[in-house]
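Geometric and topological summary
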Amino acid sequence: MKDNFEDFLKKEISKSNIQIPDNGFSDTVINNLSKRKTVLIGRELIIIFSTIISALIFILINGFNIFLLGLIKLFNSIIHLTTPNFKFVIVLITFSLMSLLISYIELRKKSL
């Protein structure tokens, strides 16, 4: 009795386990939704606006000179084999990772 029930379950599961290939249909449907396009456009505008404001503030507080001096000191410490300014290195790595991750996420959202 138990074997018959297990065989019956296996047959029923195998019948309902048929998968139809997608061939990218659902991705194209999702990309053509109007609400998603407006959300993506709004997100891009926010990123562009915040980037411009950040760059202006960075320049206004004389951050570009400080950034260049930090890079020069970092290269000098690498050349002379001394310990670099770890705060600058951490900030540099953090900003680099953030900008790469934002770009990666936005590109993935556009491809979906």
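Fair warning: this is a prediction, and the values are worked out from it, not measured in the lab.

Considering the overall build of the protein chain
Secondary structure assignment for the protein chain yields five helices and zero strands. Across the protein chain, helices and strands are ordered from the amino to the carboxyl terminus as α-α-α-α-α. Looking at the 112 residues of the protein chain, the share that counts as buried comes to 6%.

Structural notes on helix H4 (residues 63-79)
With 17 residues, H4 extends 24 Å between its outermost C-alpha atoms, agreeing within 8% with the 24 Å of an ideal straight helix rising 1.5 Å per residue. Restricting attention to buried positions, one finds in H4 the residues Gly63, Gly70, Leu74 and Ser77. Projected onto a plane normal to the axis of H4, the buried residues spread over an arc of 65° and lie on a single side. Seen from the buried face of H4, the exposed residues on the opposite side, beyond 90 degrees, are Leu69, Phe75 and Ile79. Phi turns positive, to about 55°, at leucine 81, one or two residues after H4.

What about the environment of isoleucine 102?
With respect to the helices, strands and loops of the structure, isoleucine 102 is situated in helix H5 (residues 86-111). Distance from isoleucine 102 to isoleucine 47, taken between C-alpha atoms, is 9.1 Å for residues 55 residues apart in sequence.

Some words on a nonpolar patch on the surface
Together, Ile48, Phe49, Ile52, Ile53, Leu56, Ile57, Leu60 and Ile61 give the surface a local cluster of nonpolar side chains, amounting to about 840 Å² of exposed area. On the secondary structure map, isoleucine 61 appears in the loop between helix H3 (34-60) and H4. On the basis of relative accessible area, isoleucine 61 is assigned to the exposed category, the value being 58%.

What counts and what doesn't
- Residues numbered from 1 in each chain as written.
- Predicted model: local features only at pLDDT ≥ 70, side-chain atom pairs only at ≥ 80, totals over all residues.
- Heavy atoms only, no water.
- Helix = DSSP H or I, 4+ residues; strand = E, 2+ residues; numbered from the N terminus.
- Buried < 20%, exposed > 50% of the residue type's maximum accessible area, 1.4 Å probe, protein only.
- Expected span 1.5 Å × (residues − 1).
- Arc of directions from axis to C-beta.
- Patch = residues over 30% accessible without salt bridge, like charges linked within 9 Å, V, L, I, M, F, W, Y side chains within 5 Å.
- Areas by Shrake-Rupley, 256 points an atom, 1.4 Å probe, with all protein chains shown as cover.
- Salt bridge = Lys/Arg side-chain N within 4 Å of Asp/Glu carboxyl O.

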